[in-house]
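Structure assessment
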Amino acid sequence: MQDKLIVFTYEAHEPSKPFLICDINDGRIFEDPLVLFAHPEYDINNGNEQGLYAIGGHLDIPTLISAYKWGIFPWYPFKYCEDPFWHCPKERYVIIPEDIHIGHSLRNKINKKKYHITVNKDFPRVIHNCRMIDSRDENINSWLSDELEKLFIELNVLGYAKSIEVWEGEELAGGFYGFWHNGVFQGESMFSLQPSASQVGLALLCKHPYIDGQQIKLIDTQFETPTFKHLGGRFIPYSLYRSIMDEVENEERDKPLF
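All values derive from a computational prediction rather than experimental measurement. (Residues numbered from 1 in each chain as written. Predicted model: local features only at pLDDT ≥ 70, side-chain atom pairs only at ≥ 80, totals over all residues. Heavy atoms only, no water.)

**Some remarks on the overall build of the chain**
- The helix and strand tally for the chain stands at eight helices and 14 strands.
- Relative to its 258 residues, the chain shows a buried fraction of 53%.
- Considering only residue pairs separated by 6 or more positions, the chain has 72% of its internal contacts joining residues 24 or more positions apart.
- If you sum the accessible surface of the chain, you get close to 12300 Å²; carbon and sulfur atoms cover 51% of it. (Helix = DSSP H or I, 4+ residues; strand = E, 2+ residues; numbered from the N terminus. Buried < 20%, exposed > 50% of the residue type's maximum accessible area, 1.4 Å probe, protein only. Contact = heavy atoms within 4.5 Å. Areas by Shrake-Rupley, 256 points an atom, 1.4 Å probe, with all protein chains shown as cover.)

This is how it looks when you write it as structure tokens:
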């Protein structure tokens, strides 16, 4: 969940669109991208050291839902990469809401009650700002494409993506969005129109860690940044990340229907 700078240090042969490569080391190919994400025997540790897990396939709603449920996300410079690159870092940087660290400066901003947050009040506006602010869309390394923006808006309609808006009075001051499923918020990008507004929003969300009445157990920031480190983020192994994902999945499954 950051303004991601993409630097690839490997060479890869681009597969044709219908295929998705799994296990970069031996180049196995799967015609159905959903197979890739549904079988844990395809060891995540066989991926690239930078977190690259697969190349190819299509950006569509079923693939995105399947991928994010495994903590796998598309991240690539779409302006010069024809096929999606899918990532799943072996060490995941996360924020546990109850462990959030709010420094003196940020605490002062919160205590002044200058900002307040809403959940999912204006998802299209949040994601569009994340894409366009500071001319991000003009950067050659830009990863948030028009196509991905439209897909996430559709995921939002389906309930799989949520936005957090930060307001100064009636004016939007910042915000962030991510994939939301069973208590895990996988942050994608954030923006601030006022200084530190998105940081205040993240801190306020952690102080009351609920989305649609469900407790947030984990905020996945995907990568370490100075901001997330200052807020108390830490690395956890993918195995622990998956166990937390499985735990919330099992809790949802065990809920009585009536």
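**Observations regarding the pairing of strand β10 (residues 184–192)**
- Burial analysis of β10 places eight of its nine residues in the buried class, the great majority of the element.
- With antiparallel pairing between neighbouring strands as the criterion, strand β9 (residues 171–181) and β10 make up a hairpin whose turn holds two residues, including Asn 182 at a positive phi of roughly 50°.
- As paired elements, β10 and strand β13 (residues 218–222) share three bridges and run parallel to each other. Bridge pairing in β13 places Gln 186 opposite Asp 220. (Pairing = 2+ DSSP bridges.)

**Some points on the environment of Gly 175**
- With respect to the secondary-structure elements, Gly 175 resides in strand β9.
- Overall, the relative accessible area of 0% leaves Gly 175 in the buried class.
- A sequence separation of 50 residues divides Gly 175 from Arg 125, and the C-alpha atoms of the two residues are 9.4 Å apart.
- Apart from residues no more than four positions distant in its own chain, Gly 175 is found in contact with Val 126, Cys 130, Ile 164, Glu 165, Val 166, Ser 189, Met 190, Phe 191 and Ser 198.

**Describing helix α4 (residues 123–132)**
- By the burial criterion, the buried members of α4 are Phe 123, Val 126, Ile 127, Asn 129, Cys 130 and Arg 131.
- The elements touched by buried residues of α4 are α5 (146–158), β8 (161–168), β9 and β10.
- Asp 134 lies just past α4 and shows a positive phi near 55°.

**Details of the packing of helix α2 (residues 61–68) against α5**
- Taken N-terminus to C-terminus, the directions of α2 and α5 make an angle of 75°; their axes are 10 Å apart at the nearest point. By the angle class used here, α2 and α5 are roughly perpendicular. When α2 is examined against α5, the residues Ile 61, Leu 64, Ile 65 and Tyr 68 are found in contact with a partner set consisting of Leu 148, Leu 151, Phe 152, Glu 154, Leu 155 and Leu 158.
- Residues that form the contact of α2 with α5 fall into these classes: nine nonpolar, no polar and one charged. (Axes fitted to C-alpha atoms, helices over the stretch in contact; angles between N-to-C directions. Parallel < 35°, antiparallel > 145°, perpendicular 65-115°, else oblique. Nonpolar A, V, L, I, M, F, W, Y, C, P; charged D, E, K, R; others polar.)

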